[in-house]
Each structure stands twice: as structure tokens, then as C-alpha cells.
Amino acid sequence: AAVLCENAVHRCILTAFTYDAKNVHDAAIAAANRPNVHVEIFADKAHSLRGSTEAQMTRLAELRRNGAEGFLTRGPHSGGIQHSKVLYVDGRILLGSTNWTNSNRSNFEMNVLIELSAEGEMEFMEQIHYRSYTHIIKNVYPDASEVFDTVLDDERILARAESVTKAYNEFI
């Protein structure tokens, strides 16, 4: 995971139940400090706020200070626990049972590395952003319909959607 983060050229996205592994954290900060590399970390909100790992909140704050985005979120399943463990870096996805903690290095948990085609990468990015921002909105607004019901009335969103659709249609 650290090697993938260290070598990010465009994007590094990590979802975690627990995030305190120093080697992965240092690699994410190094990537965030390079020009044009966007780093996002999503960690479980309840687990973080209960103080089960003090290092997790410290690391998330440090990420933000270094230009990365760190989010506390809830997952759509498992009783609202953000339990997915995924690392996405420039078309490669690392999936498995790894918690991004210092202890995982000795537990030999199982992981799979997947290389995506350009089309697969675009679809993956659309899905992860849709799901991520949906969860963020649901965590910020008591009634998420306030946002979702007005999306198609927002001129800026409509203009952006039109420009993206035009570029995509010209591409294909």
C-alpha cells in the first residue's frame, strides 16, 4: 500500500475502518505534497470518534494540513460502519481484509491488486465519488433530500454536467 501511494501520479483514494499505519500515512502525505496528486482518505466516523485509536485522528488532521482530504464517514451497510478497505491509485485497486493499521503488517491479511483499463478506471471513479459524496451529504444534513431534491435546479451543476457530457460524447 505504501509503495502504491508513494508512486501516485494523479490520485490516491483510501477507504478504511481504521487508519493509523505510519508507513501508509507517510506515503499519502508525500503523494499529497507532489503537484497534481489528489489524496483522499475515508475512515469510519464512529470508530474514530470513540477514540479506539488516537493515532487515527492525529493522522487525519496531519493529512489535512498537508493538502490531502480526510473524511469521517459511515458505510452504507454493516449497520453504518465504513468497513470497506480499498486503496485506489492511478488505475490500480488494492482490495482485501487489510486494516490500514500498524498491526496489519504482522497479520498477513489477504489482498488482491487489480489493474483497470481506462474505461474501468473512469467507471470506478464515477462510482466512488457518487458513493462518497452521498455519504458525506447524508452525514452533514439531517434531511439529505434538501440537497438531493435541488441538484437539478442548480445552474452550476447543470452547466458542469453539460460540459462533461459534451466532452465525453466527443471522446466516444
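Look a little higher up for the structure.
Small disclaimer: the values here were computed from a predicted structure and weren't measured.

**What to know about the packing of helix H2 (residues 22-32) against helix H4 (residues 54-65)**
Piece 1. Remark: H2 packs on H4, axes separated minimally by 10 Å, with the N-to-C direction vectors making an angle of 10°. In terms of axis orientation, H2 runs roughly parallel to H4. Read as a crossing pair, H2 and H4 show a hand that is right-handed. Note on element contacts: H4 touches H2 through Arg-59, Glu-62 and Leu-63, opposite Lys-22, His-25, Ala-28 and Ile-29.
Piece 2. A class-by-class count of the residues in the contact of H2 with H4 yields three nonpolar, one polar and three charged.

**Looking at the nonpolar core**
Piece 1. Counting residues in hydrophobic clusters, the biggest one holds 25 residues, and the most contacted among them are Cys-12, Leu-14, Tyr-19, Val-39, Ile-41, Leu-63 and Leu-87.
Piece 2. Only helix H1 (2-6), strand S1 (11-16), H2, strand S2 (38-44), H4 and strand S4 (86-89) provide two or more residues apiece to this core.
Piece 3. At six residues, H2 tops the list of elements feeding residues into this core.
Piece 4. The contact partners of Leu-63, leaving out residues within four places of it in the chain, are Tyr-19, His-25, Ala-28, Ile-29, Ile-41 and Ala-68.
Piece 5. Grouped together as the second largest cluster of nonpolar side chains are seven residues, Ile-13, Phe-42, Tyr-88 and Ile-93 included.

**A few points about the pairing of S2**
Piece 1. With six of seven residues buried, S2 is to be regarded as a mostly interior element.
Piece 2. As paired strands, S1 and S2 are joined by six bridges and run parallel to one another. By the bridge assignment for S2, Leu-14 is matched with Ile-41.
Piece 3. Between the parallel elements S1 and S2, the chain passes through H2 in a crossover that is right-handed.
Piece 4. With five bridges connecting them, S2 and strand S3 (residues 69-73) associate as parallel partners. Residue pairing for S3: Glu-40 is matched across the bridge by Glu-69.

Rules and cut-offs
Residues numbered from 1 in each chain as written. Predicted model: local features only at pLDDT ≥ 70, side-chain atom pairs only at ≥ 80, totals over all residues. Heavy atoms only, no water. Axes fitted to C-alpha atoms, helices over the stretch in contact; angles between N-to-C directions. Helix = DSSP H or I, 4+ residues; strand = E, 2+ residues; numbered from the N terminus. Parallel < 35°, antiparallel > 145°, perpendicular 65-115°, else oblique. Left-handed = near helix turned anticlockwise from the far one by under 90°. Contact = heavy atoms within 4.5 Å. Nonpolar A, V, L, I, M, F, W, Y, C, P; charged D, E, K, R; others polar. Core = buried A, V, L, I, M, F, W, Y, C linked by side-chain atoms within 4.5 Å. Buried < 20%, exposed > 50% of the residue type's maximum accessible area, 1.4 Å probe, protein only. Pairing = 2+ DSSP bridges. Right-handed = clockwise from strand over helix to strand, strands pointing away.

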